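An overview of the molecular structure
Below, each chain spelled out in residue letters.
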Amino acid sequence: METERVTEHEKPAASSTTEPAQPGAAAQVPGGPQGAPAAPRTHDAVPTEGPVPGARAAEEAGAGGTAPNGGPGAAGSGGQDGGERAERERRGGDRLRFVGAATRRIARGVDLDETVLGLCRASVPAYSDAILVYLRDPLPVGDERPTGPFVLRLRRSDRIPEGPLAAPTAAALSDLVPPVIPGQEFAGGDPVAAPGLGGGAAELTEVRPGGPLAEVLRGVRPVFADSPAAGTALPELLGPDRDIPEGNRAILAPLRGRRRVIGAAVFLRRPERPAFEHEDLLIAAQLATHTALGVDKAVLYGREAYIADELQRTMLPDELPQPTGVQLASRYLPAAETARVGGDWYDAIPLPGSRVALVVGDVMGHSMTSAAIMGQLRTTAQTLAGLDLPPQEVLHHLDEQAQRLGSDRMATCMYAVYDPVAHRIIVANAGHPPPVMLHRSGRAEVLRIPAGAPIGVGGVDFEAVELDAPAGATLLLYTDGLVESRQRDVWTGIEHLREKLSATARLTRPGAAAPLEPLCDEVLDILGPGDRDDDIALLAARFDGIAPSDVAYWYLDPRAQTARQARRLARRALSRWGLEELTDSVELLVSEVVTNAVRYAERPITLRLLRTDTLRCEVGDDVPQLPRLRQARATDEGGRGLYLVNRLARRWGATRLSTGKVVWFELALS
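Definitions and cut-offs
Residues numbered from 1 in each chain as written. Predicted model: local features only at pLDDT ≥ 70, side-chain atom pairs only at ≥ 80, totals over all residues. Heavy atoms only, no water. Helix = DSSP H or I, 4+ residues; strand = E, 2+ residues; numbered from the N terminus. Buried < 20%, exposed > 50% of the residue type's maximum accessible area, 1.4 Å probe, protein only. Contact = heavy atoms within 4.5 Å. Areas by Shrake-Rupley, 256 points an atom, 1.4 Å probe, with all protein chains shown as cover. Core = buried A, V, L, I, M, F, W, Y, C linked by side-chain atoms within 4.5 Å. Pairing = 2+ DSSP bridges. Axes fitted to C-alpha atoms, helices over the stretch in contact; angles between N-to-C directions. pLDDT = per-residue confidence, 0-100. Phe/Tyr/Trp six-rings, centres within 6.5 Å; stacked < 30°, edge-to-face > 60°. Lys NZ or Arg CZ within 6 Å of the ring centre and 35° of its normal.

Regarding the overall build of the protein
- A count of helical and extended segments in the protein gives 16 helices and 23 strands.
- Within the protein, the fraction of its 670 residues that count as buried is 48%.
- Put simply, of all contacts in the protein between residues at least 6 apart along the chain, 68% involve residues at least 24 apart.
- Of the roughly 32,600 Å² of accessible surface on the protein, 52% is carried by carbon and sulfur atoms.

What follows is the structure in structure tokens.
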């Protein structure tokens, strides 16, 4: 009977006992959103009559044991405390797992967009229903001190797409955070609103010094939107006319990098989802910290990538020259996106007499040091080419320069000089892969050039060979990255390149040369997916040459009558070419240039006329001093010859040779 009385006493309490829903339990924070909060759970009513079989055993099993006094009330209290403790531990473990996964996703980003995207994808929908990410504009780099006003720009926004059940209750959130359209997340760096949803939050906000938003950002810690600190800060950030969710459903988290605040993130939840708890502020702080450090890393990486790109761009030609009688095309590929600079280079340098120097080199390694050495060697090669030294002498001086730079500064180089008038090419090699020539007939051959020792070895001689360069032939100079990889050696790759050129030539009509730019692309196709082990520099030259009928060449003795003789010879050549309309200008300019040469020359001078797309006149003598344009005074009897050349010619110049100099000018063909 005692047992029955106790049971009947407990019955009304048990039937009316209701467990309140745990805050946020329905959302499984941060496991993901759910539709509506779970309904309150009610204990089953105890029967009104008779004893309850096994009731106390069930209570003891649920509590995991009995209280010290063995009473039923103590056992029920212990079960409730144990269940709450287990629930707190479970939810704490969920939060730790979420933070670990989210920070790993954020840390995977390398550039700015990837880092911000990682934050958005990790937060929505597991932690929040929507997110707004603001970053400072412009972002400071490293130790730079920002100048100008503190401006925040909306970098990205993201939210859960609207469903048929959620749309009526989430209209305010939809207006505040526009959805992201797939494929247009980063159009111009700004979020893209879906059609028909109207505007979203403010895209550009200037933070007023000493204002509420500035104070929250200075505090670094995330705050709820309902807190006094954020009550006026969020409207300043998002715009005064925007509805902000109430009831701890919005968190403002400053993004502080290594040295300063660089932005802010706003996490939002819909009304039908449980509000944020105080523990969620710790999650927001972790997300904000890792994102800010990732943004700092991405900005520094972007600056280094920009420096590398600029370094490589300035050390390679912006565009190739277009010398007479030859067409040029080039390609450059770094070893990898993470190693944007290297030691490979190419160059084309116009020389006197319509000649052109073709240079391809490869400094050992692909680092900033290799790029710096490459820049010095390329500058040295340009200077030596301007002196019109023979190819073997150029390589000899490059070898000396490399030894001055250091004992371990080694490079390979191919230096060739093409003469379109003689249709000949002189080549010298310093340990570089041999060039390949593709003839107009479609036959590709590897030129037999003495290999020589690499630049920087020292104490070796370089040998130059002279070869025919028939019109329509194409010469390919390249670095070893094109033909050598882990899968094949250099000579196997060279043979593969030769076969590829022959196969490409067969695709064109007989007797016609393959277009130069597509030919370079076809050459790069020999690379497989895993063949990019080194930088690749490629320089292609199509030899057009200058026909002998378009060249007039004379030797003239330095006498007083030489100027008159030169005018007569030039007039005859122009008449033969049908260019009588240029006779007056050519005679005047030839007379002035030849007169200057005769005045100081001791050996015979040369006069050459070249007819291509322009008319070019070249006068050479044995005096190394270059003429300089100067303004003659009214009382001077001379000094006006170069002034006339400068006014009448389209272009003119003077180049020092090993045997003297050449003064040239060009006139447009009418």
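Comments concerning the nonpolar core
- Residues Leu358, Leu395, Leu398 and Phe543 are the most contacted members of the largest nonpolar core, which totals 54 residues.
- Setting aside anything within four residues of it in sequence, one finds Leu395 in contact with Cys413, Tyr415, Ala428, Asn429, Ala430, Ile455 and Phe462.
- Judged by nonpolar contacts, the second largest core, of 35 residues, contains Leu255, Phe267, Phe276 and Ile283.

Concerning the sheet that holds strand β22 (residues 651-657)
- What the five strands build is an open sheet, ordered β19-β20-β21-β23-β22; its pairing is antiparallel. Edge positions in the sheet fall to β19 (551-556) and β22, since each of these pairs with one other strand and no more. Across the sheet, the axes of successive neighbouring strands diverge by a mean angle of 15 degrees, strand direction being ignored.
- Here β22 pairs with strand β23 (residues 660-668) via seven bridges, running antiparallel. Bridge pairing in β23 links Leu657 to Gly660.
- Lying on the sheet, helix α14 (residues 562-577) is in contact with β19, β20 (605-611) and β21 (614-621); it crosses β19 at an angle near 165 degrees.

Regarding the confidence of the model for the protein
- Overall, the prediction assigns the protein a mean pLDDT of 79, with 79% of residues at 70 or greater.
- In the predicted structure, residues 1-75 sits below a pLDDT of 50 and forms 80 contacts with residues beyond four places in sequence or in another chain.
- Below a pLDDT of 50 lies the segment residues 180-199, which in the model reaches 37 contacts outside its immediate sequence neighbourhood of four places, other chains included.

A look at the sheet that holds strand β12 (residues 411-419)
- Strand order in the open sheet made by the five strands is β10-β11-β12-β13-β16, with antiparallel pairing throughout. A single partner strand is all that each edge strand has here, and the edge strands are β10 (344-350) and β16 (464-468). Within this sheet the neighbouring strands show an average axis-to-axis angle of 15 degrees, counted without direction.
- With seven bridges connecting them, β12 and strand β13 (residues 424-430) associate as antiparallel partners. Residue pairing across strands places Cys413 opposite Ala430, the latter belonging to β13.

So, the side chain of Ser123
- Inspection of the secondary structure puts Ser123 in helix α4 (residues 112-123).
- Given the relative accessible area of 0%, Ser123 is considered buried.

Things to note about the pairing of β20
- Most of β20 is tucked away, with six of its seven residues classed as buried.
- Alignment of β19 against β20, held across six bridges, turns out to be antiparallel. Note that in β20 the partner of Leu556 across the bridge is Ile605.
- Of the strand pairs in this sheet, β20 and β21 are connected by six bridges, and their pairing is antiparallel. What sits directly across from Thr606, in β21, is Gly620.
- Taking the residues between adjacent antiparallel strands as the criterion, β20 and β21 are bridged by two residues.

Notes on the environment of Thr595
- Examined against the element boundaries, Thr595 turns out to sit in helix α15 (residues 583-600).
- For the pair Thr595 and Ala563, spaced 32 residues apart in sequence, the C-alpha to C-alpha distance is 5.9 Å.

Comments concerning the packing of aromatic side chains
- Enumeration according to the criterion identifies five aromatic pairs in this entry.
- Centroid distance Tyr127 to Phe276: 5.3 Å. Interplanar angle 45 degrees. Geometry classified as tilted. Taken together, the positions of Tyr127 in the loop between α4 and β3 (130-136) and Phe276 in the loop between β8 (261-268) and α9 (278-315) put the pair 149 residues apart, joining distant regions of the chain.
- Take Phe276: its relative accessible area is 3%, and that puts it in the buried class.
- Judged by centre distance (5.4 Å) and plane angle (80 degrees), the ring pair of Tyr553 and Tyr555 falls under edge-to-face.
- Looking at Tyr555, the relative accessible area reads 61%, which means it is exposed.
- Among the aromatic residues, those joined into a cluster by ring pairs are Phe98, Tyr127, Phe267 and Phe276.
- For the cation-ring pair, Arg136 lies above Phe150, with the distance from its terminal atom to the ring centre recorded as 3.9 Å.
- The lysine or arginine in question, Arg616, covers the ring of Trp664, its NZ or CZ lying 4.3 Å from the ring centre.

Some remarks on unusual backbone geometry
- Going from Val124 to Pro125, the amide bond is cis rather than trans, its omega being 5 degrees.
- A cis amide bond links Asp137 to the next residue, Pro138, at an omega of 0 degrees.
- Checked against the element boundaries, Pro138 lands in the loop between β3 and β4 (151-159).
- Phi is positive for Val220, close to 75 degrees, though the residue is something other than glycine.
- Among the secondary structure elements, Val220 is positioned in the loop between α6 (212-219) and β6 (223-224).
- If you check the backbone angles, Asp388 has positive phi at about 60 degrees while not being a glycine.
- The residue Asp388 is located in the loop between α10 (368-386) and α11 (391-405) in this model.
- The class for Asp388 is buried, based on a relative accessible area of 14%.

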